[in-house]
Amino acid sequence: MPCVRTVLGLLAACGAIAFLGYCIYFDRSRRGDPAFKRRLREKRRAQQRKAEGRGAQLWDPAKNEKLQEFFLQEVRMGELCLSRGEDRMGVEHLSNALLVCGQPQELLKVFKHTLPPKVFEMLLHKIPLICQQFEADMNEQEYLEDDRD
């Protein structure tokens, strides 16, 4: 009389082979379906258009001008606050300007030579906090864009 373990092992092997066969059959029928191929092409084209649209948004000249205006406004506000003795607000505005600056290393060099050492140290301590806030805002924006799709 066959052992129970042997019978159960054979049943498990047969079940696994049947499942694998069904997976292969289903995959072949799915790939051979003309509607599947059409949907797959449409999906890839939509993703490509979406990626191209995002690339166009990044280099939009109107947005670039707005960023430049924002940068100059933040630098002016930072200088104004520092001249009034409001160091914290001045550092806040200067860190915002640093965030949108195209060459932040160069701007930091300028700040190092023009700002008082105390204010420059405050600015250096503020940079990681601003970067974390920026990343959180970008992640939230991407999450909201993904929800619209």
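Since the structure is predicted, the reported quantities are computational estimates derived from the model, not experimental observations.

(A) Quick peek at the pattern of salt bridges. Applying the stated criterion to the full structure yields six salt bridges. A salt bridge links E42 to R38; the shortest N-O distance between them is 3.7 Å. Residue E42 and its partner R38 are located together in helix 2 (residues 34–58), separated by four residues, close to a single helical turn. For E42, a relative accessible area of 43% corresponds to the partly exposed category. Judged by its relative accessible area of 43%, R38 falls in the partly exposed class. Among the salt bridges present, the one from E92 reaches K126, with a minimum N-O distance of 2.9 Å. Of this pair, E92 sits in helix 4 (residues 87–100) while K126 sits in helix 6 (residues 117–148), placing them 34 residues apart in sequence.

(B) Highlighting the packing of helix 4 against helix 5 (residues 104–114). As a packed pair, helix 4 and helix 5 sit with axes 8 Å apart at the nearest point and diverge in direction by 150 degrees. Judged by the inter-axis angle, helix 4 sits roughly antiparallel to helix 5. Every pair of crossing elements has a handedness; the one defined by helix 4 and helix 5 is right-handed. Of helix 5, the residues touching helix 4 (which contributes L94, A97 and L98) are P104, L107, L108 and F111. The residue inventory of the contact of helix 4 with helix 5, partitioned by class, reads seven nonpolar, no polar and no charged.

(C) Main features of the environment of R88. Relative to the helices and strands, R88 is located in helix 4. Looking at R88, the relative accessible area reads 70%, which means it is exposed. For the pair formed by R88 and V119, sequence separation is 31 residues and the distance between their alpha carbons is 8.4 Å.

Reading guide: rules and limits
Residues numbered from 1 in each chain as written. Predicted model: local features only at pLDDT ≥ 70, side-chain atom pairs only at ≥ 80, totals over all residues. Heavy atoms only, no water. Salt bridge = Lys/Arg side-chain N within 4 Å of Asp/Glu carboxyl O. Helix = DSSP H or I, 4+ residues; strand = E, 2+ residues; numbered from the N terminus. Buried < 20%, exposed > 50% of the residue type's maximum accessible area, 1.4 Å probe, protein only. Axes fitted to C-alpha atoms, helices over the stretch in contact; angles between N-to-C directions. Parallel < 35°, antiparallel > 145°, perpendicular 65-115°, else oblique. Left-handed = near helix turned anticlockwise from the far one by under 90°. Contact = heavy atoms within 4.5 Å. Nonpolar A, V, L, I, M, F, W, Y, C, P; charged D, E, K, R; others polar.

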